[in-house]
Amino acid sequence: TASSFTFNDYIDYEVDFINTPQRPIPSGRMTRNEAFRYGIVLGIAGVAATILLNPVALIVGLTVYALTIFYSVKVKVYGFIGNIIVALSIASYFLFGYLTINSNIDSNIAGISGICFFYVLGGEVAQSIADAEGDKLRGVQSISIVRGPRIAAFVTSLCYILMAVMGAYTALLFGLRDNRYSL
């Protein structure tokens with residue numbers, strides 16, 4: 001995660017000068033070359049640590065890492081597809097953590113990951129409203145730029161409604177599965 005965030009800052013430095021000038025590269029606290037080298041070191045450390053885990057966690061970890069780099073390099077400009085990749089990547093944290101000690105997927109963990117997915121997706125779409133000026137510089141086709149901020153706000157609201165529904169559904173499943181919380 002730290003490596004992919006660092007590479008994202010390395011790639012987005014021009015946009016960050018407009019949208020988030022307090023970040024390390026635009027603020028001058030770190031050069032682009034330092035960020036690139038730091039991203040490589042963090043990536044090597046993360047992959048090395050992941051190799052020590054079970055094979056299922058290794059596959060998930062490496063896939064998500066590759067996906068986040070692909071997002072930064074290529075997919076971010078496609079707007080909503082990039083938002084989905086970011087949400088999937090962050091939602092995978094729960095799944096990855098669980099898979100470090102188990103080799104199968106628990107329905108509660110999948111539910112928590114789903115809740116996180118819709119939360120992050122809604123936040124990503126909402127952030128596209130605030131980032132529109134800088135995103136135009138890079139040619140990002142966000143919902144906010146392509147369809148307008150009102151549609152982006154509607155999609156954000158829809159994501160949060162889906163998150164609440166997923167949360168209620170997951171809580172119900174958890175309650176039905178665990179005798180201590182049965183109805």
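Above this text sits the structure in question.
Conventions adopted
- Residues numbered from 1 in each chain as written.
- Predicted model: local features only at pLDDT ≥ 70, side-chain atom pairs only at ≥ 80, totals over all residues.
- Heavy atoms only, no water.
- Helix = DSSP H or I, 4+ residues; strand = E, 2+ residues; numbered from the N terminus.
- Buried < 20%, exposed > 50% of the residue type's maximum accessible area, 1.4 Å probe, protein only.
- Contact = heavy atoms within 4.5 Å.
- Areas by Shrake-Rupley, 256 points an atom, 1.4 Å probe, with all protein chains shown as cover.
- Lys, Arg positive; Asp, Glu negative; His and termini not counted.
- Charge placed at Lys NZ, Arg CZ, Asp CG, Glu CD.
- 1 Å grid on protein atoms, 1.4 Å probe; cavity = no way out; pocket = protein on both sides within 12 Å on 5 of 7 lines; lining within 4 Å.
- Points joined across faces, edges and corners; volume = space filled by probe spheres on them.
- Phe/Tyr/Trp six-rings, centres within 6.5 Å; stacked < 30°, edge-to-face > 60°.
- Axes fitted to C-alpha atoms, helices over the stretch in contact; angles between N-to-C directions.
- Parallel < 35°, antiparallel > 145°, perpendicular 65-115°, else oblique.
- Left-handed = near helix turned anticlockwise from the far one by under 90°.
- Nonpolar A, V, L, I, M, F, W, Y, C, P; charged D, E, K, R; others polar.

### Looking at the overall build of the chain
Across its full length, the chain carries 10 helices and zero strands. When its helices and strands are written in sequence order, the chain yields α-α-α-α-α-α-α-α-α-α. Based on the C-alpha atoms only, the size of the chain along its principal axes is roughly 55 × 45 × 25 Å. Residues classed as buried in the chain amount to 37% of the 183 residues present. In the chain, once contacts between residues fewer than 6 apart in sequence are set aside, the share between residues at least 24 apart is 64%. Accessible area of the chain: about 10,500 Å², with a carbon and sulfur share of 68%. Of note, the chain has its 12 positive side-chain charges centred 3 Å away from the centre of its 11 negative side-chain charges.

### Side note on the layout of surface pockets
Looking at the largest pocket, its volume works out to about 970 Å³. Looking at the largest pocket, it is lined by 43 residues, and the ones nearest its centre are Ser4, Phe5, Tyr71, Val86 and Ile90. At the level of elements, α1 (2–11), α2 (13–19), α4 (32–51), α5 (55–75), α6 (80–99) and α7 (107–130) are the ones that each hand at least two residues to the lining of the largest pocket. Ranked by residue count, the leading element in the lining of the largest pocket is α5, at eight residues.

### Comments concerning the packing of aromatic side chains
Under the definition given, this model contains five aromatic pairs. Where Tyr10 meets Phe36, the ring centres are 5.1 Å apart and the plane angle is 45°; that geometry is what we call tilted. You can see Tyr10 sitting in helix α1 and its partner Phe36 sitting in helix α4, a full 26 residues away along the chain. Taking the relative accessible area as the measure of exposure, Phe36 reaches 36% and is therefore partly exposed. Considering the side-chain rings of Tyr119 and Tyr160, the 6.0 Å spacing of their centres and the 40° angle between planes classify their relative orientation as tilted. Here Tyr119 is found in helix α7, whereas its partner Tyr160 is found in helix α10 (residues 149–177), with 41 residues between them in sequence.

### Re the packing of α1 against α4
Close contact between α1 and α4 brings their axes to 8 Å; oriented N to C, the two are set at 160°. Taken together, the axes of α1 and α4 lie roughly antiparallel to each other. Note that α1 runs across α4; the crossing there is left-handed. Here Ala2, Ser3, Thr6, Phe7 and Tyr10 of α1 lie close against α4, whose contacting residues are Arg32, Ala35, Phe36, Tyr38, Gly39, Ile40, Leu42 and Gly43. In the contact of α1 with α4, the residues fall into eight nonpolar, four polar and one charged.

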